[in-house]
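Observations on chain architecture
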Amino acid sequence: MKRRPLFWRVYPYYFIVILLSLFLVAIYGAGEMRKMYIGQVTDTLEARAKVTERILRPLLLANEITLLNRECREISDVSSTRITVIDAEGTVLGDSYENPLVMEKHGKRPEIVQAYGGKVGTETRYSNTLQQNMMYVAVPVLHDSVVIAVVRSAVPVSEVEIVLTSFYRNIAIGGAIIVILAALVSVAVLRRLTDPLRALRNGAGRFAAGDLDSLLPVPATEEIADLSESMNRMASQLDARIRTIARQRNEREAILSSMAEGVLALDADGKIVSLNRTAADFLGLDIAQSAGKAFYEVIRAPSVLEFIERALRRTDVTEMEVTLPGASEKCFQVRAAALKDVSGARRGVVVVFNDITRLKRLESIRRDFVANVSHELRTPITAITGSIETLLDGAVDNSVDRERFLKMIARHSERLNHLVEDLLSLAQIESEIEQTRAKLSRGRVNDVIESSVAAFQEKSRLHQVSVTLSCEPGLEADMDQGQLEQAISNLIDNAIKYSDTGSSVAVEVTTSDEEIVISVKDSGVGIAAEHLPRLFERFYRIDEARSREAGGTGLGLAIVKHIVAAHGGRVSVDSELGKGSVFRVHLPKA
Ligand code: ADP
């Protein structure tokens, strides 16, 4: 159905009703008026005829026809009425407008016939004499109860019509004015009704557009006022509800985005409903581009795809470990839980990714460590027990063998001792990182370097490797002097160990804006680039035989790394195979 404004739905009918009722009243009123006026004209004509009859009666009885005719004209002049006198035979005796002698007999005229009957005769018809419509009233002139003549008064109908026409015109003008006034008043009345409705409609439009703050005006019309108030109440409730939802959504988003776990929510069709930053990073997705897409369109990892497919099909919680291949292989524990709506119906699934890469690595480091320790311990122990058995089997009697085996026992015992010492100090440093940090005290870097270098005088002479030292005096750092000395010593020890005879090791201290850098530089065997990242791990050795030969335990650099970390610093290494290495300890400036 075609939509039209309320105003145009009501107003035309309103207007037609006003027009029609006014028209009917006017027609009826005009009809009644006409009847009344004509009745009044007839009464007037009758009265005039009766007065005239009184005046003319003596002249009729005296048969003064000439006088009678003149009297007719005089009465006519003063009353603006045509007066005619007709005798009982129908002959016109006198007439105010025409000579009676030339007039035809009037006995057959209907009003005259009625008057002959003793009654008042009335008639409206065309006058042949005057050539126009006339209204006639005839009264009988009685003498001894006999009609001796008839006196007739008449006025032209046109005179009556003129009066009536002006009367009709006035009614029409009045009616038109009333119609215009009624139209204006009804416009005003309708506007009073439609304006608040329009305001209501506009307000509802604003509500729909999300502007719930501007309230609707409350008009004086009771029903519309109730409606306005209800809508205002509805708007403020809606506003409160929307605010609550927005707050909850913001909270949820804040929680999701700050989570270390990746969260991915899917609907029942597998379309991505929500995805937090962490999950996007884990899966290598773009949040904006992935939203609303099916998971199999965006997720590439086959293990994750398979897991999600299974989780979407199953109703209970599922859990699994997946490994995402890539530059840095990552391992996740993935859990899925059903996403349910208010009625408890299953609407999708939430998948939570927990990055357990570090945990896995730690676990494998621990496993490796235990294996390494056992392996490291087994070698000297095997050597010692082997030597003892050989001695017991009789080698003790041979002085050369005895000395050889006892020396071997001594060497391996020392090695065992080293190993246990290193392990103990590593364990201690590791467990006491926090205490060490609190214990640090201001000390001179120079002192540490000098005493470290001094401790290697003997060894450097033995290996024929010279150790040089350069350090600007007065440099200070927060340190645990004993531990720092141990770290620098480990580096110098390695530098001498992995240097060729005749070369030199340089220990230098430099400063940058934020750091004090202690570097130990040798021109020894050097290290291939692929080993550099793992060099500071426990028991990591490039050439195990050479390390062991040189009395290394594989723990020296791990100890350095831990000590430096406890000082809030870091270690770095640059090396080139065959050319030498530079190990650096970076300490924060005091
Ligand atoms: P180790 O007791 O075997 O020396 P470290 O932890 O001190 O154990 O060193 C680990 C490994 O790093 C060594 O086995 C060696 O292969 C390598 N390395 C350490 N320092 C140097 C160096 N200055 N030059 C060459 N290789 C080195």
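To be clear, the structure that these remarks concern was listed above.
Residues numbered from 1 in each chain as written. Predicted model: local features only at pLDDT ≥ 70, side-chain atom pairs only at ≥ 80, totals over all residues. Heavy atoms only, no water.

Let us now look at the overall build of the protein chain. Within the protein chain, the secondary structure is distributed over 17 helices and 17 strands. For a compact globule of 590 residues, the expected C-alpha radius of gyration is about 25 Å, and the protein chain comes in at 66 Å, more than 25% above that figure. If you line up the protein chain on its principal axes, its C-alpha atoms span 210 × 60 × 40 Å. Each of the 590 residues in the protein chain was classed as buried or not, and the buried ones make up 38%. Taking all contacts inside the protein chain whose residues are at least 6 apart in sequence as the whole, residues at least 24 apart take part in 56%. As presented, the protein chain carries roughly 33,800 Å² of accessible surface, and 56% of it is formed by carbon and sulfur atoms. Here the protein chain carries 72 positive and 78 negative side-chain charges, and the mean point of each set is 7 Å from the other. (Helix = DSSP H or I, 4+ residues; strand = E, 2+ residues; numbered from the N terminus. Rg over C-alpha atoms; globule rule 2.2 N^0.38 Å. Buried < 20%, exposed > 50% of the residue type's maximum accessible area, 1.4 Å probe, protein only. Contact = heavy atoms within 4.5 Å. Areas by Shrake-Rupley, 256 points an atom, 1.4 Å probe, with all protein chains shown as cover. Lys, Arg positive; Asp, Glu negative; His and termini not counted. Charge placed at Lys NZ, Arg CZ, Asp CG, Glu CD.)

Below, the discussion takes up the packing of aromatic side chains. Under the defined criterion, the tally for this structure stands at ten aromatic pairs. Between F282 and F332 the ring centres are 4.4 Å apart and the planes differ by 50°, which places this aromatic pair in the tilted class. In this pair, F282 sits in helix α6 (residues 277–283) while F332 sits in strand β9 (residues 330–340), placing the two residues 50 residues apart along the sequence. Neither F282 nor F332 differs from the other in exposure class; each is buried. If you follow R191 out to its NZ or CZ, it ends over the ring of F7, 4.5 Å from the centre. (Phe/Tyr/Trp six-rings, centres within 6.5 Å; stacked < 30°, edge-to-face > 60°. Lys NZ or Arg CZ within 6 Å of the ring centre and 35° of its normal.)

What surrounds the ligand is a group of 20 residues, the closest being N494, D522, S547, T553 and L557. Here I542 contributes a backbone N or O atom positioned 3.3 Å from an oxygen atom of the ligand. Here the ligand is seated within the largest pocket. Mapped by element, the contributors of at least two residues to the shell around the ligand are α15 (481–497), α17 (556–566) and β17 (580–588). Element by element, the count of residues in the shell around the ligand is highest for α15, at three residues. Class assignment of the residues belonging to the shell around the ligand gives a composition of ten nonpolar, seven polar and three charged. (Near = heavy atom within 4 Å. Polar contact = N/O pair within 3.5 Å; in protein donor to acceptor, adjacent residues only side chain to side chain. 1 Å grid on protein atoms, 1.4 Å probe; cavity = no way out; pocket = protein on both sides within 12 Å on 5 of 7 lines; lining within 4 Å. Sits in = over half its atoms within 2 Å of the grid points. Nonpolar A, V, L, I, M, F, W, Y, C, P; charged D, E, K, R; others polar.)

With that out of the way, let us pick up the side chain of R152. Along the polypeptide, R152 turns up in strand β5 (residues 146–156). Judged by its relative accessible area of 1%, R152 is buried. A polar atom in the side chain of R152 sits 2.7 Å from the side chain of E111. Leaving out residues up to four positions away in the same chain, R152 has contacts with R82, I83, T84, H106, R109, E111, I112, R125, Y136, V137 and A138.

When the terminal C-alpha atoms of helix α5 (residues 222–258) are compared, their 53 Å separation across 37 residues agrees well with the 54 Å that a helix rising 1.5 Å per residue should span. Among the structural elements, α4 (157–208), β6 (262–267) and β7 (272–275) are those in contact with the buried residues of α5. (Expected span 1.5 Å × (residues − 1).)

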